[in-house]
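Here is how the chains run, residue by residue.
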Amino acid sequence: MSSWQVSEGLQIAIDGPSGSGKGTIAAMIGKELALPVLDTGLLYRYIGWRAEENGVTLADENAVLSMLDAAVAAMDWQAKGIVFVEGDEEKDCTSLLRSESAGSRASKVAAMPKVREALLGVQRDIAKLGCVMDGRDIGTVVLPDAQGKFFLTASQRERARRRWSQLKAKGEEADLDNIAADLKARDARDTGRDCAPLKKAVDAIHIDSTTMCMDDVVERVLNVLERRKLINKK
Ligand code: DC
């Protein structure tokens, strides 16, 4: 039970670069306000994964597009993540989509305008009843009328350090310099693409979390929503 009264259909958009903590913040805010949380990065990760499963190279955009409709039709986006449905068979592929290599593939398919277009309706449909949605273009393109928009950043070094400690905590091999180089390349792809690049919406609140703990970021977000009377303490 949430201790907040939330205005009907409240949409909260949280955008930012890889490793800025937006996924963690979105999950914490969703829990606090009892709103569904939608991690849109998973959608692009899923398309990259389907392409790989179908033996399609990401350098061949037409080949990716030819499998796109079937991939979207077979996708069920649930609260727990993404389920791939084929006939009677359901496969929860979320854990496969969280790998570093899936992230790298995702950033390549995310630069394809037709892929973005195919996923736009899916995202808007799910957001209709209210949600916390995190991604790169939520405040600018997907939900331009969202009542709460936040743009979360942190220095590149700090974001690399966070990813490094996450991988270490999972017992995986991780090299800070490699992670930093990968983040830099991903930032360049996400901000430099022509279609829906990562950028702050003019009406989004910028929060630099480099020296903040996640609880403080959540408090800041809740303060803004409360001041705007989008949420009220019960
Ligand atoms: O947030 P993430 O690391 O799971 O995102 C994976 C890739 O998908 C990332 O390179 C950026 C892209 N992406 C996007 O272009 N638009 C979104 N709304 C979400 C993710």
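The structure contained in this document is the topic of the report that follows. Residue positions are given per chain, counted from 1 along the sequence in the order it is written. With the structure being a predicted model, the display of local features is reserved for residues of pLDDT at least 70 and the display and counting of side-chain atom pairs for 80 or more, all residues being used for whole-chain, interface and lining totals. Computation of side-chain values covers all heavy atoms of the structure but excludes hydrogens and water.

Some remarks on helix α3 (residues 61-73)
Given a rise of 1.5 Å per residue, 13 residues ought to cover 18 Å, and the 19 Å separating the end C-alpha atoms of α3 matches this to within 8%. Of the surrounding secondary structure, the elements contacted by the buried residues of α3 are α2 (41-53), β4 (75-78), α5 (100-109) and α6 (113-127). Strands are runs of DSSP state E lasting at least 2 residues, helices are runs of H or I lasting at least 4, and numbering of each runs from the N terminus. Here, expected helix span is obtained from the residue count minus one, scaled by 1.5 Å. Throughout, a contact is declared for two residues whenever any of their heavy atoms are within 4.5 Å.

Quick word on the sheet that holds strand β3 (residues 37-39)
We treat two strands as partners when DSSP finds at least two bridges between them. Overall, parallel pairing links the 5 strands, which are arranged β3-β7-β2-β8-β9 in an open sheet. In this open sheet, the two strands that pair with only one neighbour each are β3 and β9 (205-208). Within this sheet the neighbouring strands show an average axis-to-axis angle of 20 degrees, counted without direction. Helix axes are fitted only over the stretch in contact, all axes being lines through C-alpha atoms; the angle between N-to-C directions runs from 0 to 180 degrees.

Some words on the packing of aromatic side chains
Within a pair of aromatic rings, the relevant descriptors are the distance that separates the centres and the angle that separates the planes. Only Phe, Tyr and Trp rings take part, Trp by its six-membered ring, and two of them pair if their centres are within 6.5 Å. Stacked means planes under 30 degrees apart, edge-to-face means over 60, and tilted covers everything else. Here the structure, examined in full by the defined rule, presents 3 aromatic pairs. Ring plane angle 85 degrees and centroid distance 5.8 Å describe the contact between Trp 49 and Phe 84, whose orientation is recorded as edge-to-face. In this pair, Trp 49 sits in helix α2 while Phe 84 sits in strand β5 (residues 81-86), placing the two residues 35 residues apart along the sequence. Across this residue pair, the class does not change: Trp 49 and Phe 84 are buried. Members of the aromatic cluster, connected to one another through ring pairs, are Tyr 46, Trp 49 and Phe 84. The buried label goes to any residue with under 20% of its type's maximum accessible area, the exposed label to any with over 50%, and the partly exposed label to all in between, with areas taken from a 1.4 Å probe on protein chains only.

A look at the sheet that holds strand β6 (residues 89-92)
The sheet built from 3 strands is open, its strands ordered β4-β5-β6 with antiparallel pairing. A single partner strand is all that each edge strand has here, and the edge strands are β4 and β6. The average undirected angle you get between the axes of adjacent strands in this sheet is 25 degrees. This element, α2, spans β4, β5 and β6 of the sheet and lies at about 35 degrees to β5.

Observations concerning the environment of Asp 215
By the element assignment, Asp 215 lies in helix α10 (residues 214-227). The spacing of Asp 215 and Ile 25 is 190 residues in sequence and 8.5 Å in space, taken between C-alpha atoms.

Quick word on the packing of α2 against α5
Relative orientation and spacing of two packed helices are given, respectively, by the angle between their axes and the distance between those axes. The contact between α2 and α5 brings their axes to 7 Å, and the two run at 100 degrees. Regarding the angle of α2 to α5, the classification is roughly perpendicular. Packed against α2, whose contacting residues are Tyr 44, Arg 45, Ile 47, Gly 48, Trp 49 and Glu 52, the element α5 presents Ala 102, Gly 103, Arg 105, Ala 106 and Val 109 at the interface. Note on residue classes: Ala, Val, Leu, Ile, Met, Phe, Trp, Tyr, Cys and Pro are nonpolar, Asp, Glu, Lys and Arg are charged, and everything else, Gly too, is polar. A per-class count over the contact of α2 with α5 returns 6 nonpolar, 2 polar and 3 charged. Throughout, the term roughly parallel applies to angles under 35 degrees, roughly antiparallel to angles over 145, roughly perpendicular to angles from 65 to 115, and oblique to all others.

Some remarks on the layout of surface pockets
Computed over the protein atoms alone on a 1 Å grid, cavities are sets of points where a 1.4 Å probe fits but cannot get out and pockets are open sets with protein on both sides within 12 Å along at least five of seven lines; a residue lines them when it has an atom within 4 Å of a point. Grid points are joined across faces, edges and corners, and a volume is the space filled by probe spheres set on the points. Of the pockets and cavities examined, the largest pocket occupies roughly 880 Å³. In terms of lining residues, the largest pocket is bounded by 38 residues, among which Gly 19, Lys 22, Arg 45, Arg 98 and Arg 163 are the most central. Of all elements in the fold, only α1 (22-33), α2, α5, β7 (131-135), α8 (156-169) and α9 (176-192) reach the threshold of two or more residues within the lining of the largest pocket. Considering every element that reaches the lining of the largest pocket, the biggest residue donor is α8, with 7 residues. Across the lining of the largest pocket, the residue classes break down as 6 nonpolar, 14 polar and 18 charged. The space that makes up the second largest pocket amounts to roughly 180 Å³. Lining the second largest pocket are 13 residues, and of these Val 37, Asp 39, Leu 42, Ala 79 and Arg 98 lie nearest its centre. Within the residue set of the lining of the second largest pocket, elements represented by two or more residues are β3 and β4.

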